[in-house]
Amino acid sequence: MNEFNDADKIINNLKQIGEKYQEAMLRIMQDNNMPTQFINALNQQKMQSIMTEASNKIMEHPEQFIQHNIEYGQRLTTLLNNTMMRFVGEQDLPIYDNNKDRRFKHPSWHENLYFDFIRQFYLMSTEWLQETTSQMSLEPKMQQILEFYTRQFTDAFCPSNFPLYNPEVINESLASKWDNISKGLDNFLEDLKNGRGLLDITTTDKMAFKIGKNIASTPGKVVMQNDLMQLIHYEPKQKVHQIPILII
């Protein structure tokens, strides 16, 4: 009887996941501010200038970038061979076995053939891309921006960020009959509704705070405000400092 109940719960959750996903995509497409939010995060003119300069650097010294790509291809071939050896039961030597990366602390990232290949391929490709970027030798400010966006790109595409590539999420989904994904989409939809046209991910339970109990109620006023922050000047109770204290 429990098996039938579990099957019904899984089917119901999968149906809700599909409906909530469609609702989220529809809300994003209908919101005029949402698509431009991601585009405006990048300075298009500056990025185009950086990419043009990077392309010129590659054309000036193609040999070092060609050699770097050859080395990447060799490491990829080694990874594929090791994976095949492990698949047929033979011992392989891991190329990347970094246990300090907290994103891959779950044992399945190392013990499971599927997840171990994904982990090593990601780390290998990230290293290749970051080394390629560091060899550009652009103007210092331009080089700093390029390396910054490269790190953001590689971090964003880490396999642990995607449910079907994350063993912890898959295990939790199977254990909860996909209830965790359904509840996660509820939270995502709530963030979309409360974001007023922006993707504002909730990081704090606002209902957990009460003035006078676990949050201060010192009188104050906003002296400066923009889209990112508010600067509040609180009224002193007793001692007044000649140099104001700035708390961030």
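Please refer to the structure placed before this passage.
Residues numbered from 1 in each chain as written. Predicted model: local features only at pLDDT ≥ 70, side-chain atom pairs only at ≥ 80, totals over all residues. Heavy atoms only, no water.

Novice: Which residues make up the side chain of Gln-143, and what values go with them?
Specialist: Looking at the secondary structure, you find Gln-143 in helix α7 (residues 140–156). A relative accessible area of 9% places Gln-143 in the buried class. Within the structure, Gln-143 has its side chain in polar contact with the backbone nitrogen of Ser-137 (distance 3.3 Å). Excluding anything up to four places from it in sequence, Gln-143 contacts Thr-133, Ser-134, Met-136, Ser-137 and Leu-138. (Helix = DSSP H or I, 4+ residues; strand = E, 2+ residues; numbered from the N terminus. Buried < 20%, exposed > 50% of the residue type's maximum accessible area, 1.4 Å probe, protein only. Polar contact = N/O pair within 3.5 Å; in protein donor to acceptor, adjacent residues only side chain to side chain. Contact = heavy atoms within 4.5 Å.)

Novice: Can you break down the nonpolar core residue by residue, with the values?
Specialist: Tyr-72, Leu-79, Tyr-96, Phe-104, Trp-109, Phe-115, Ile-118, Tyr-122, Leu-123, Met-124 and Cys-158 form the largest nonpolar core, which has eleven residues in total. Going through the elements one at a time, α4 (62–87) and α6 (113–134) are the ones with two or more residues in this core. If one sorts the elements of this core by residue count, α6 sits on top with five residues. Counting nine residues, the second-largest nonpolar core is a separate cluster that includes Met-47, Ile-50, Met-136 and Met-142. (Core = buried A, V, L, I, M, F, W, Y, C linked by side-chain atoms within 4.5 Å.)

Novice: An account of unusual backbone geometry is requested, with residue identities and associated values reported.
Specialist: Phi at Lys-177 takes a positive value of approximately 60°, unusual for a residue other than glycine. Position of Lys-177 among the secondary structure elements: in the loop between α8 (167–175) and α9 (179–194). With a phi close to 70°, Trp-178 is a non-glycine residue in the positive phi region.

Novice: Provide a residue-level description of α4, including the pertinent values.
Specialist: Residue pairs spaced three or four apart in an α-helix point in one direction, given the helix's 3.6 residues per turn. With 26 residues, α4 ought to run about 38 Å at 1.5 Å a step, and its terminal C-alpha atoms sit 37 Å apart, in line with that. Every buried residue of α4 is accounted for by Phe-65, His-68, Tyr-72, Arg-75, Leu-79, Asn-82 and Thr-83. Two residues or fewer after α4 comes Gly-89, characterised by a positive phi angle close to 95°. (Expected span 1.5 Å × (residues − 1).)

Novice: Give me the pattern of salt bridges: which residues, what numbers.
Specialist: Considering all chains together, one arrives at seven salt bridges under this definition. Its salt-bridge partner being Arg-103, residue Asp-155 comes within 3.6 Å of it at the nearest N-O pair. One end of the pair, Asp-155, is in helix α7; the other, Arg-103, is in the loop between α4 and α5 (108–111), and 52 residues separate them in sequence. A salt bridge links Asp-179 to Lys-183; its shortest N-O distance comes to 3.1 Å. Of this pair, Asp-179 and Lys-183 are both found in helix α9, four residues apart, which corresponds to roughly one turn of the helix. Judged by relative accessible area, which is 18%, Asp-179 ranks as buried. Several salt bridges converge on common partners, so that one network encompasses Arg-86, Asp-116 and Arg-119. (Salt bridge = Lys/Arg side-chain N within 4 Å of Asp/Glu carboxyl O.)

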